[in-house]
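# Descriptive analysis of the structure
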Amino acid sequence: MGVPAEAPFFMLGLSLLLVHELDAVRCREWRIFPGLSSLSDEWGFRLFVLLHVPLLYALLGAVAAGPGATLVVVLDVFYILHLGLHLLFLRHPRNEFRDRLSWALIVGVALSGGVDLLLRAA
């Protein structure tokens, strides 16, 4: 089972989000996370990576089980809110999401979620 073929924008958003998480390690995103930012780089990195294991396990498990429409809509909304969080922390002095690739991923996630929501509403 899996995500239905009629959800290509949801899947695109999920793919972009997962790649963004790889980029988040490169950009040391833990440095701007409340709580993690007070840790050393070594411990911030370790905790950031380890916290993604249960998060991705749950996310990928839900998708593999054939997510219902409610879960897809919740994730679509998260895709958009995620962009808002990055905009909120845009001027954070330790924010390293500065290049076009990083922002193409972040904005691409939000656009994918927005398009998927619009298609579901139509």
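Our subject is the structure that appears above.
Here's what I pulled together on the structure shown here. Note that this is a predicted model, so its numbers are computed, not measured. (Residues numbered from 1 in each chain as written. Predicted model: local features only at pLDDT ≥ 70, side-chain atom pairs only at ≥ 80, totals over all residues. Heavy atoms only, no water.)

This next bit is on the overall build of the chain. A count of helical and extended segments in the chain gives four helices and zero strands. Ordered by position from the N terminus, the helices and strands of the chain form the series α-α-α-α. For the chain, whose C-alpha radius of gyration is 15 Å, the value lies close to the compact-globule estimate of 14 Å for 122 residues. Principal-axis analysis of the C-alpha atoms places the extent of the chain at approximately 45 × 25 × 20 Å. (Helix = DSSP H or I, 4+ residues; strand = E, 2+ residues; numbered from the N terminus. Rg over C-alpha atoms; globule rule 2.2 N^0.38 Å.)

A grouping of Phe 9, Leu 12, Val 115 and Leu 119 is seen on the molecular surface, where their side chains present a nonpolar patch of about 310 Å² in accessible area. Residue assignment for the nonpolar patch shows that the elements contributing at least two residues are α1 (8-26) and α4 (100-121). (Patch = residues over 30% accessible without salt bridge, like charges linked within 9 Å, V, L, I, M, F, W, Y side chains within 5 Å. Areas by Shrake-Rupley, 256 points an atom, 1.4 Å probe, with all protein chains shown as cover. Salt bridge = Lys/Arg side-chain N within 4 Å of Asp/Glu carboxyl O.)

Turning to the environment of Ala 7, a few remarks are in order. In this fold, Ala 7 is placed in the segment before α1. Here the alpha-carbon distance between Ala 7 and Val 107, two residues 100 residues apart in the chain, equals 18 Å. Setting aside residues up to four positions removed in sequence, Ala 7 forms contacts with Asp 116 and Arg 120. (Contact = heavy atoms within 4.5 Å.)

This part is about the packing of aromatic side chains. On inspection of all chains with the given rule, the structure shows four aromatic pairs. Measuring from centroid to centroid gives 5.8 Å for Trp 30 and Phe 48, while their planes differ by 55°, and the two rings are tilted. Here Phe 48 lies in helix α2 (residues 41-64) and Trp 30 lies in the loop between α1 and α2, a separation of 18 residues in the sequence. Seen from their ring centres, Phe 33 and Phe 48 are 5.9 Å apart, and the 80° between their planes marks the pair as edge-to-face. (Phe/Tyr/Trp six-rings, centres within 6.5 Å; stacked < 30°, edge-to-face > 60°.)

The next point concerns the nonpolar core. Ala 7, Phe 10, Leu 14, Leu 16, Leu 17, Leu 59, Val 63, Val 72, Leu 75, Tyr 79, Leu 105 and Val 109 together form the largest nonpolar core, which totals 12 residues. Among the elements of the structure, α1, α2, α3 (69-88) and α4 are those that each provide at least two residues to this core. With four residues, the single largest contributor to this core is α1. Every residue in contact with Val 72, bar those within four places of it in the chain, is listed here: Phe 10, Pro 67, Asp 116 and Arg 120. Among the nonpolar cores identified, the runner-up in size contains 11 residues, and Leu 36, Leu 83, Phe 97 and Ile 106 belong to it. (Core = buried A, V, L, I, M, F, W, Y, C linked by side-chain atoms within 4.5 Å. Buried < 20%, exposed > 50% of the residue type's maximum accessible area, 1.4 Å probe, protein only.)

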